[in-house]
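So the chains spell out like this:
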Amino acid sequence: MQVEGAIRTEGRGPSIIEFTIGRGREGVPGAGPPDVTVLNYFLYKQDIARLAALGVKSYSFSISWSRILPFGYPGSPVNQEAIDHYDDLINTILEYGMKPLVTLHHFDTPLYYRSGNSWQGYDHEEFVDGFVNYAKIVLTHYSDRVSSWITFNEPNLDSSLAGNWGASYNVVMAHAKTVHFYREEIQGSGKWSIKLALPRGFPLPLDPRSPEDVAAAERELVFSIGYMANPIYLGAQVPPAVIKLLPGRAPNYTEEELEYVGGTADYFAVDLYNARYATVLDEGTDECLGNSSNPQYPACVNITTTRENWQIGSGSNAAPWTYHQHARTIFKYLHTTYPTDGGISIAEFGWPSFHEYDMSEDQARAELTSTLFYLPTLNEMLKSIHEDGVKFKGALGWAYVDNWEWGQFGDRYGVQTFNNVTLERSYKRSIFDIVDFINTHSGS
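Every residue gets a number counted from 1 within its own chain, in the order that chain's sequence is written. In keeping with the predicted nature of the model, local features appear solely for residues at pLDDT of at least 70, side-chain atom pairs appear and are counted solely at 80 or more, and the whole-chain, interface and lining totals rest on all residues. Side-chain figures throughout are based on the complete set of non-hydrogen atoms in the structure, without hydrogens or water.

**Q** Before we go on, may I ask you to explain the state of the cysteines in this structure?
**A** Disulfide: a covalent bond formed between the sulfur atoms of two cysteine residues. Count a disulfide wherever a pair of cysteine sulfur atoms falls within 2.5 Å. Applying the stated criterion across every chain yields a total of one disulfide. Each disulfide pairs two cysteine sulfurs, and for C288 the partner residue is C300, the sulfurs being separated by 2.1 Å. The sign of the -80° torsion about the S-S bond sets the C288-C300 disulfide as left-handed. Highlighted residues: C288 in helix 10 (residues 285-289) and C300 in the loop between helix 10 and strand 8 (302-304), separated in sequence by 12 residues. Numbering of helices and strands runs from the N terminus, with a helix taken as a DSSP run of H or I at least four residues long and a strand as a DSSP run of E at least two residues long.

This is the structure we're talking about:
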């Protein structure tokens, strides 16, 4: 939806997001709907050609559940125009010598599954069967040409956006059933993951020498990613703290389910835009943990961007901050805590320059701060590989072009601009810097 546009074209059905933030966020610079955005749905050949011309080797995109199945539920009509569209999209990627990377669900749940307690309908009683049915249709058509898959994009945001940890059970089971179908029925050899977010940034202890701050950072991780990562990557139960502090609201798995779910991700995919410092609350941890009405409950952690009067890094127009001085610590933690054969995929990282929407096109094209985010982070990845023994699958920058950022166009993450009248794309400086860096270090 963010780049496709054409949301009322060629049979696409409505999705939940269109009835929450789809028409725009009032009072936000660049607010507007995703009806057109950059119209990648019709301009994908041009977009792929532009990236391939610079030597980009991979093209990551999501398939729209609402487009494949406009009504959403099993047994409802399959939209042949959508099947044909994604078929040609994949073939075009391959024709340009690039590798397609596919996400099955990127906040595009059909409206049929809307519920009052989960922002993407994850807790709907029919969600698992509905998603698996959709996934089977997609895999039956495209698994012969796609070898890298992600089931869900950032499903753990349900806890921060809707206070719903329990709905993750449905997401985890839908993920596992999809992967088992692929491995056992299709007998494919492609690699799978589920893409997790860090809603408040990766938490680092404010004082690494303080046991209390270390424990605070761990609690933040447990309640942000651990409750989903444990079953999938470790075949282990949800962390005890989650079950204890969220009685009746935490996901819980049987031994048989853990055996079924464990090992259904071949690599660890995470979106990593920033880091923060975690420390104890002023009123103390115990008081918060004993009061479920406390706004910081259940993690009961104070998150800050300041350590000893120094900001963690430079700020952007949105959530991202530069964090490269801490990147190796973060990578090593993920590598050690959730080891996989495929390694770590930084599935999204990117930078919206401050007030870029006020710049002229020439100013935006020459803007340097995006480069100053990407290149140091990539450099720390190389150090992690060679000095720390961390294994990486790769990294994907968000995004290949400025686009609709969930209700607005003001946060411009793209490495290309676009003209919202003519839809013409223009390269920014950062895309050349990134390509040059990768080409220079491709033998590393």
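**Q** What's the story with the sheet that holds strand 3 (residues 148-153) in this structure? I'm lost.
**A** The strands making up a sheet associate through hydrogen bonds between their backbones, and the pairing can be parallel or antiparallel. Strands pair, by our definition, only if DSSP identifies at least two bridges between them. Spatially, the seven strands line up as an open sheet ordered 1-2-3-4-6-11-12, and their pairing is parallel. Edge positions in the sheet fall to strand 1 (58-62) and strand 12 (392-397), since each has one partner strand and no second. In this sheet, adjacent strand axes meet at a mean angle of 20° when their direction is disregarded. For strand 1 and strand 2 (residues 99-105), the ladder comprises five bridges, and the chain directions are parallel. The partner of Y59 across the bridge, within strand 2, is P100. The sheet contacts of helix 3 (residues 80-95) involve strand 1 and strand 2, and relative to strand 1 the element is tilted by about 165°. The sheet strands contacting helix 4 (residues 127-142) are strand 2, strand 3 and strand 4 (191-196), and the helix crosses strand 3 at an angle near 155°. Think of each axis as a best-fit line through the C-alpha atoms, taken over the contacting stretch in the case of a helix, with angles from 0 to 180 degrees between the N-to-C directions. Between two residues, a contact is recorded if the distance between any of their heavy atoms is within 4.5 Å.

**Q** What exactly am I supposed to notice about the nonpolar core here?
**A** Looking at soluble globular proteins, one finds that nonpolar side chains tend to be buried together. Grouped together as the largest cluster of nonpolar side chains are 126 residues, with contacts concentrated most on I68 and W149. The residues contacting I68, other than those within four sequence positions of it, are I63, P77, V78, N79, A82, I83, Y86, Y134, I137 and V138. What makes a nonpolar core is a set of buried Ala, Val, Leu, Ile, Met, Phe, Trp, Tyr and Cys residues whose side-chain atoms join them at distances within 4.5 Å. Using a 1.4 Å probe on the protein chains alone, a residue whose accessible area is under 20% of its type maximum counts as buried, one over 50% counts as exposed, and one in between counts as partly exposed.

**Q** Explain the environment of A241 to me, please; I cannot follow it from the model alone.
**A** Looking at where A241 falls in the secondary structure, it is placed in helix 8 (residues 240-245). For A241, a relative accessible area of 30% translates into the label partly exposed. Each C-alpha atom of the pair A241 and G407 lies 35 Å from the other, and the pair is 166 residues apart in sequence.

**Q** Honestly, a nonpolar patch on the surface in this entry has me stumped. Any pointers?
**A** Think of a patch as exposed residues, more than 30% relative accessible area, with no salt bridge, where like charges cluster within 9 Å and nonpolar side chains (Val, Leu, Ile, Met, Phe, Trp, Tyr) cluster within 5 Å. All accessible-area figures derive from a Shrake-Rupley calculation using a 1.4 Å probe, and residue coverage is judged against the displayed protein chains alone. Note on definitions: salt bridges are taken to be side-chain nitrogens of Lys or Arg within 4 Å of carboxyl oxygens of Asp or Glu. Taken together, the side chains of F71, Y73 and Y112 present a nonpolar region at the surface, about 310 Å² in accessible area. Its location among the elements puts F71 in the loop between helix 2 (65-68) and helix 3.

**Q** Just to check I follow, could you spell out the pattern of salt bridges for this structure?
**A** Where charged atoms from two side chains of opposite charge come close, those side chains can pair. Summed over the entire model, instances satisfying the criterion amount to 19 salt bridges. The partner of R12 in a salt bridge is D108, and the shortest N-O contact between them spans 2.9 Å. With R12 in the segment before helix 1 (40-53) and D108 in the loop between strand 2 and helix 4, the pair connects residues that are 96 residues apart, well separated along the chain. For R12, a relative accessible area of 9% translates into the label buried. Across the pair D88 and K45 runs a salt bridge whose closest N-O atoms are separated by 2.9 Å. Here K45 lies in helix 1 and D88 lies in helix 3, a separation of 43 residues in the sequence. Overall, the relative accessible area of 41% leaves K45 in the partly exposed class. Salt bridges linked by common partners bring R12, E18 and D108 together as one network.

**Q** Would you mind going over helix 3 with me for this structure?
**A** Between the first and last residue of a helix there are one fewer steps than residues, each counted as 1.5 Å, and that sum is the expected span. Along its 16 residues, helix 3 runs 22 Å from first to last C-alpha, staying within 8% of the 22 Å computed at 1.5 Å per residue. All buried positions along helix 3 are accounted for by A82, I83, H85, Y86, L89, I90, T92 and I93. Here the buried face of helix 3 lies against helix 1, strand 1, helix 2, strand 2 and helix 4. Here a polar contact is taken to be a pair of N or O atoms separated by no more than 3.5 Å, where protein atoms must pair a possible hydrogen donor with a possible acceptor and residues adjacent in sequence count only if both atoms sit in side chains. Sitting at the amino-terminal end of helix 3 is N79, which places a side-chain oxygen 3.1 Å from the backbone nitrogen of E81.

**Q** Would you take a moment to explain the sheet that holds strand 7 (residues 275-279) for this structure?
**A** One open sheet accounts for three strands, arranged 5-7-8; its pairing is mixed. Where the open sheet ends on each side, the last strands, each with one partner, are strand 5 (202-205) and strand 8. Neighbour to neighbour, the strand axes of the sheet diverge by 45° on average, direction disregarded. In terms of strand pairing, strand 7 meets strand 8 through three bridges, oriented antiparallel. Residue pairing in the sheet places Y277 in a bridge with T304 of strand 8. Strands strand 5 and strand 7 of the sheet are contacted by helix 11 (residues 327-337), whose axis makes an angle of about 105° with strand 5.

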